[in-house]
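Structural overview for review
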Amino acid sequence: PSITNANGYTWSCTSKPDGSNVTFGNASAASTRVTVDKPGNYTIKLAVTNACGGTANKTQTITFCAQPTITGVNSSYSLDLQADGNELALNPTVTNANSYSWTITQNVTSSNAALSPNNTASTVLSTEKAGTYKVRLTATPISNTCSNQTKDVTITVTGTMPKATIYVTPIS
């Protein structure tokens, strides 16, 4: 608000989500930090006064969102087809998301690599060829006012799939 020779400031919250708490770093300062404990819309009010008793108020509605977080998954893994088999499980912990999407962003030529399932927080990469694969998890936030979060993972696959030879002898 615009007021000449301001000497008093009072910050308050006039509207907030049910059950939420709002704290101000210093509710009597010209500027302050607002801390909330839940995502949603908050209406913040600043009342300014001067020594002559003049007052001015300004309100602003601010949307706070809870960004998705992705933890518990490394940026790179190794998989030896002979020693480990042809699957690698990726099990991150994801918070504040309501949908997930795994995609292969770099595949090996002629590979039948697949992610399954590809729409949950955890997935399994299955492949039969050595090479470098890159996969990405995209977590979509609960609130559409937040941004998607991504986690890229590089998987280096070595070795070859064990081969079995089966001989069939007809019974006479």
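Here the structure is a predicted model, which means the values were calculated and not measured.

The rules we used
- One numbering rule holds for all chains: residues counted from 1, following each sequence as written.
- Owing to the predicted nature of the model, reporting of local features is limited to residues with pLDDT of at least 70; listing and counting of side-chain atom pairs is limited to 80 or more, with chain, interface and lining totals taken over all residues.
- Excluding hydrogens and water, the side-chain figures rest on all heavy atoms present in the structure.
- Each Phe, Tyr or Trp ring, with Trp reduced to its six-membered ring, pairs with another whose centre is within 6.5 Å; inter-plane angles below 30 degrees give stacked pairs, above 60 give edge-to-face pairs, and intermediate values give tilted ones.
- A run of H or I in DSSP counts as a helix once it spans at least four residues, and a run of E counts as a strand once it spans at least two, with each numbered from the N terminus.
- Burial here depends on accessible area, computed with a 1.4 Å probe over protein chains only, as a share of the maximum for the residue type. Under 20% is buried, over 50% is exposed, and the range in between is partly exposed.
- Among buried residues, the Ala, Val, Leu, Ile, Met, Phe, Trp, Tyr and Cys ones that are joined through side-chain atoms within 4.5 Å form a nonpolar core.
- Residues count as neighbours in contact if any of their non-hydrogen atoms are within 4.5 Å of one another.
- Definition of a polar contact: a pair of N or O atoms within 3.5 Å, with one able to donate and the other able to accept a hydrogen when the atoms are protein atoms, and with sequence-neighbouring residues admitted only if both atoms are side-chain atoms.

1. Here's the deal with the packing of aromatic side chains
This model, assessed by the stated rule, comprises one aromatic pair. Ring geometry for Y42 and F64: centres 5.4 Å apart, planes at 85°, overall edge-to-face. Taken as a pair, Y42 in strand β4 (residues 40-50) and F64 in strand β5 (residues 55-64) lie far apart in primary sequence, 22 residues in all. Residue classification places F64 among the partly exposed positions, given a relative accessible area of 22%.

2. Side note on the nonpolar core
Side chains of nonpolar character tend, in soluble globular proteins, to be buried together. If you look at the biggest cluster of nonpolar residues, it comprises 21 residues, and the most contacted ones within it are L90, V94, Y133, V135 and I155. If one sorts the elements of this core by residue count, strand β13 (residues 131-141) sits on top with four residues. Once residues within four sequence positions are removed from consideration, I155 is found in contact with Y77, L79, L88, L90, L125, G131, T132, Y133 and V135. Counting six residues, the second-largest nonpolar core is a separate cluster that includes W11, V22, Y42 and I44.

3. Describing the side chain of T127
Counting through the fold element by element, T127 comes out in the loop between β12 (123-126) and β13. A distance of 3.2 Å separates the side chain of T127 from the side chain of S111, its partner in a polar contact. What T127 contacts, discounting residues up to four positions off in sequence, is L79, L81, N86, S111, A113, Y133, V157 and M161.

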